[in-house]
Amino acid sequence: MPVLPDVEVFRRYIDVTALHKPIRGVEVFDADYVTDSSVSSLKRCLTGAAFDSTRRHGKHLGIALDSGHWLLLHFGMTGYPNYARIDRDPPRHSRLVVRFRNGFRLAYVNQRKLGRIRLAGDFNAFVAEWSLGPDALEIDRADFTELLLTGRGTIKARLMNQSQIAGLGNVYKDEILFQAGIHPAAQAKDVPAESVSDLWRTMRRVLRTAIDRRVQADQFPDSWLTPHREGEQCPRCRATLERDTISGRASRFCPACQPA
Ligand SMILES: [Zn+2]
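Residues numbered from 1 in each chain as written. Predicted model: local features only at pLDDT ≥ 70, side-chain atom pairs only at ≥ 80, totals over all residues. Heavy atoms only, no water.

**Q** How would you sum up the overall build of the protein chain? Please name residues and give values.
**A** A count of helical and extended segments in the protein chain gives 7 helices and 11 strands. Rg of the C-alpha trace for the protein chain: 20 Å, near the compact-globule value of 18 Å for 260 residues, within the 12% margin. When the backbone C-alpha atoms are referred to their principal axes, the protein chain occupies close to 60 × 35 × 30 Å. For the protein chain, the proportion of its 260 residues judged to be buried stands at 53%. Of the contacts made within the protein chain by residues no fewer than 6 positions apart, 63% connect residues no fewer than 24 positions apart. About 11,900 Å² of surface is accessible on the protein chain, with carbon and sulfur atoms providing 46% of the total. Between the mean site of the 38 positive side-chain charges and the mean site of the 30 negative ones, the protein chain shows a separation of 4 Å. (Helix = DSSP H or I, 4+ residues; strand = E, 2+ residues; numbered from the N terminus. Rg over C-alpha atoms; globule rule 2.2 N^0.38 Å. Buried < 20%, exposed > 50% of the residue type's maximum accessible area, 1.4 Å probe, protein only. Contact = heavy atoms within 4.5 Å. Areas by Shrake-Rupley, 256 points an atom, 1.4 Å probe, with all protein chains shown as cover. Lys, Arg positive; Asp, Glu negative; His and termini not counted. Charge placed at Lys NZ, Arg CZ, Asp CG, Glu CD.)

**Q** Hey, could you go over the pattern of salt bridges for me, with residue numbers and the actual values?
**A** Counted by the stated rule, this structure contains 15 salt bridges. Glu8 is the partner of Arg11 in a salt bridge, and the nearest nitrogen-oxygen pair spans 2.9 Å. One end of the pair, Arg11, and the other, Glu8, are both in helix H1 (residues 4-17), 3 residues apart, so they sit about a helical turn from each other. Relative accessible area serves as the criterion here: at 17%, Arg11 is assigned to the buried category. Judged by its relative accessible area of 7%, Glu8 falls in the buried class. Overlapping salt bridges bring together Glu8, Arg11, Arg12, Asp15, Arg56 and Asp135 as one network. (Salt bridge = Lys/Arg side-chain N within 4 Å of Asp/Glu carboxyl O.)

**Q** Account for unusual backbone geometry, naming residues and giving values.
**A** The phi dihedral of His93 is positive, around 70 degrees, even though this residue is not glycine. Its place among the elements puts His93 in the loop between strand S6 (80-85) and strand S7 (94-100). Residue class for His93 comes out partly exposed when judged on its relative accessible area of 28%. The backbone of Arg238 shows a phi angle near 75 degrees, a positive value even though the residue is not glycine. Looking at where Arg238 falls in the secondary structure, it is placed in the loop between helix H7 (193-212) and strand S10 (242-246).

**Q** Hey, could you go over the environment of Arg88 for me, with residue numbers and the actual values?
**A** On the secondary structure map, Arg88 appears in the loop between S6 and S7. Considered as a pair, Arg88 and Phe104 are 16 residues apart in the sequence and their alpha carbons are 9.0 Å apart.

**Q** Please provide a residue-by-residue account of the side chain of Arg105, values included.
**A** Mapped onto the fold, Arg105 is located in strand S8 (residues 104-109). Despite its burial, Arg105 remains without a salt bridge, the nearest opposite charge being carried by Asp89 at 7.4 Å. From its side chain, Arg105 meets the backbone oxygen of Asp89 in a polar contact 3.3 Å long. (Polar contact = N/O pair within 3.5 Å; in protein donor to acceptor, adjacent residues only side chain to side chain.)

**Q** Please provide a residue-by-residue account of the packing of helix H6 (residues 170-180) against H7, values included.
**A** Following both chains from N to C, one finds H6 and H7 inclined at 130 degrees, their axes separated by 9 Å at the closest point. For the element pair H6 / H7, the angle class is oblique. The chirality of how H6 crosses H7 is right-handed. Within the contact between the two elements, H6 uses Tyr172, Glu175, Ile176, Leu177, Gln179 and Ala180 and H7 uses Asp198, Leu199, Thr202, Met203, Arg205, Val206, Leu207 and Ala210. Looking at the contact of H6 with H7, its residues break down into 9 nonpolar, 2 polar and 3 charged. (Axes fitted to C-alpha atoms, helices over the stretch in contact; angles between N-to-C directions. Parallel < 35°, antiparallel > 145°, perpendicular 65-115°, else oblique. Left-handed = near helix turned anticlockwise from the far one by under 90°. Nonpolar A, V, L, I, M, F, W, Y, C, P; charged D, E, K, R; others polar.)

**Q** Account for the packing of helix H4 (residues 141-149) against H7, with residues named and values stated.
**A** Interhelical geometry of H4 versus H7 gives an angle of 125 degrees and a closest axis separation of 9 Å. As far as their axial angle goes, H7 and H4 are oblique. Crossing handedness for the pair H4 and H7: right-handed. Only Ala193, Val196, Ser197, Leu199, Trp200, Arg201 and Met203 of H7 make contact with H4, whose side of the interface consists of Arg141, Phe144, Thr145, Leu148 and Leu149. Of the residues contributing to the contact of H4 with H7, the split by class is 8 nonpolar, 2 polar and 2 charged.

**Q** Account for the packing of aromatic side chains, naming residues and giving values.
**A** Taken as a whole, this structure holds 11 aromatic pairs when the rule is applied. A centroid spacing of 5.6 Å and a plane angle of 35 degrees characterise the contact between Phe75 and Tyr108, whose relative ring orientation is tilted. You can see Phe75 sitting in the loop between strand S5 (70-74) and S6 and its partner Tyr108 sitting in strand S8, a full 33 residues away along the chain. With a relative accessible area of 1%, Phe75 lands in the buried category. By relative accessible area, which is 3% here, Tyr108 ends up buried. Here a set of aromatic residues connected by ring pairs shows up, and it is made of Phe10, Tyr33, Phe75 and Tyr108. (Phe/Tyr/Trp six-rings, centres within 6.5 Å; stacked < 30°, edge-to-face > 60°.)

Treat this as a map of the structure, not an account of what it does.
Given below as structure tokens:
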């Protein structure tokens, strides 16, 4: 599922492929993805414009148009962008194809019916309107600590709640808690302040490492939890990894490194 590191990799991909190229036309293959505006206004807004810059907030990618609008992409469970020559057929499940005058095109590909394409006048207004919390790579240590040490809920649920911290998914949440030695079912407000501070550092390191390795899970360090299944040995202490449903979602953890 494309979460913060994946979407950051997509953002950089679009930066090096699709910016500053006049748009010749737009094809929408599935209107269900287009929300908050009509397909015709989406086409009208993009045609003749060019992508100017990109931004990311959590799992949301914004592409600024030189006309002042933003094209906002959410990739759901399986989405990704694909830039190639126009004479190459877009990948299966392409929902939107933006054709440039230079003979290339950018496709938004998404196999499943989750994910959204929308237009917005302002990126920050979109973030506010959708009640997204601060981005996991933007939030500073003081705000992170204050956020987790106030309010109720398991640390796992708090980290996953996009209105509190935007960008993490189930896999990175497991990884971050594993590396910080915190049990996923711990109440956030009961975690010692030094551990929350360490969790913030760990979160940044894990996300940046994943981005640097272009979210190729086979490139992740073997000392990480992610490459290992429940029932296998913990890469750090050799205890048997466990899996449990906590706050409604599966969590993997090491019962020895992450004592309850
Ligand atoms: Zn362990």
